[in-house]
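As a plain string of letters, each chain reads:
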Amino acid sequence: MTRKETIQELSGKFLQECYEDNLRKLTVYCDENRERIRKELQNVMAECTAECSKSNKKINFVILSPLESSIITKSYELMVAVYDENMYLDRNPVRRYWKPDFLFQYIEEDFGALMSYLHKKVIRLKDFETAEVRRMYVLNYIFLAVALFQKMIPDLVRQIREHCPDLAGDLQVAMGMLMEKPVLLYGKESDRE
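Cut-off values and rules
- Residues numbered from 1 in each chain as written.
- Predicted model: local features only at pLDDT ≥ 70, side-chain atom pairs only at ≥ 80, totals over all residues.
- Heavy atoms only, no water.
- Core = buried A, V, L, I, M, F, W, Y, C linked by side-chain atoms within 4.5 Å.
- Buried < 20%, exposed > 50% of the residue type's maximum accessible area, 1.4 Å probe, protein only.
- Helix = DSSP H or I, 4+ residues; strand = E, 2+ residues; numbered from the N terminus.
- Contact = heavy atoms within 4.5 Å.
- Salt bridge = Lys/Arg side-chain N within 4 Å of Asp/Glu carboxyl O.
- Axes fitted to C-alpha atoms, helices over the stretch in contact; angles between N-to-C directions.
- Left-handed = near helix turned anticlockwise from the far one by under 90°.
- Nonpolar A, V, L, I, M, F, W, Y, C, P; charged D, E, K, R; others polar.

Asks: Please clarify how the nonpolar core should be interpreted in this entry.
Replies: Most often, soluble globular proteins keep nonpolar side chains buried together rather than apart. Among the nonpolar cores identified, the biggest contains 56 residues, and Val62, Tyr141, Phe149 and Met175 are the most heavily contacted of them. With 16 residues, helix H6 (residues 131-163) is the largest single contributor of residues to this core. Apart from the residues within four sequence positions on either side, tyrosine 141 is in contact with Tyr19, Asn22, Leu26, Leu103, Phe104, Tyr106, Ile107 and Asp110. Counting eight residues, the second largest nonpolar core, distinct from the first, contains Leu67, Ala81, Tyr83 and Met87.

Asks: When you look at the pattern of salt bridges in this model, what are you seeing that I'm missing?
Replies: It is possible for side chains of opposite charge to pair when their charged atoms get near one another. The full count for this structure, using the stated rule, is 14 salt bridges. A salt bridge links glutamate 9 to lysine 13; the shortest N-O distance between them is 3.4 Å. With glutamate 9 and lysine 13 both in helix H1 (residues 3-32), this residue pair falls four residues apart, about one helical turn. Judged by its relative accessible area of 37%, glutamate 9 falls in the partly exposed class. When salt bridges with common partners are traced through the structure, they connect Glu35, Arg38, Asp155 and Arg158 into a single cluster.

Asks: Looking at this model, I keep getting lost on the packing of helix H2 (residues 34-55) against H6. Mind explaining?
Replies: Two elements in contact, H2 and H6, have axes separated by 10 Å at closest approach and are oriented at 35°. Once H2 is placed against H6, the crossing between them reads as right-handed. Facing Arg34, Ile37, Arg38, Leu41, Gln42, Met45, Ala46, Thr49 and Ser53 of H2, the residues of H6 in contact are Leu148, Phe149, Lys151, Met152, Asp155, Leu156, Gln159, Ile160 and His163. Looking at the contact of H2 with H6 residue by residue, the class counts come to nine nonpolar, five polar and four charged.

As structure tokens, then:
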């Protein structure tokens, strides 16, 4: 087994336990604070729709994207972007950044514990050797966010349609990494690939 495979195997087992424990805590937290979380996301969307109204911009796509750079910087931000019918080719997308602290609150603690564990198992472990492990661990929380936001999307769509009735087209809301095919959360599947 290579060094990289050893690190990934040890990390996977360790972080799986952490994630399962955190999933229980986050589920309870989200159930108890659903309204506050929804309100935070609505405020971000209100900023986007206000800017779209000023410029008379059509709203066809809303995409929530975790930022790769925020995984590296450990800021864990999501970009909320509003696009016209051209989606990623939109010349003037409206973007806002949101940091859902509740979602990523355990990552640094878990990674600190993982690094302590790995230092006992792997000689001269360097931070760069765990960068991909960190990325994959954060993606677990992104998938959790998809499930959480799925329940809130109808409220966001209603908000967009109320605030910008002339601008909201065949609205689709999706979540995924920037410039990759996102997971559709609301709306009909388009014929674009």
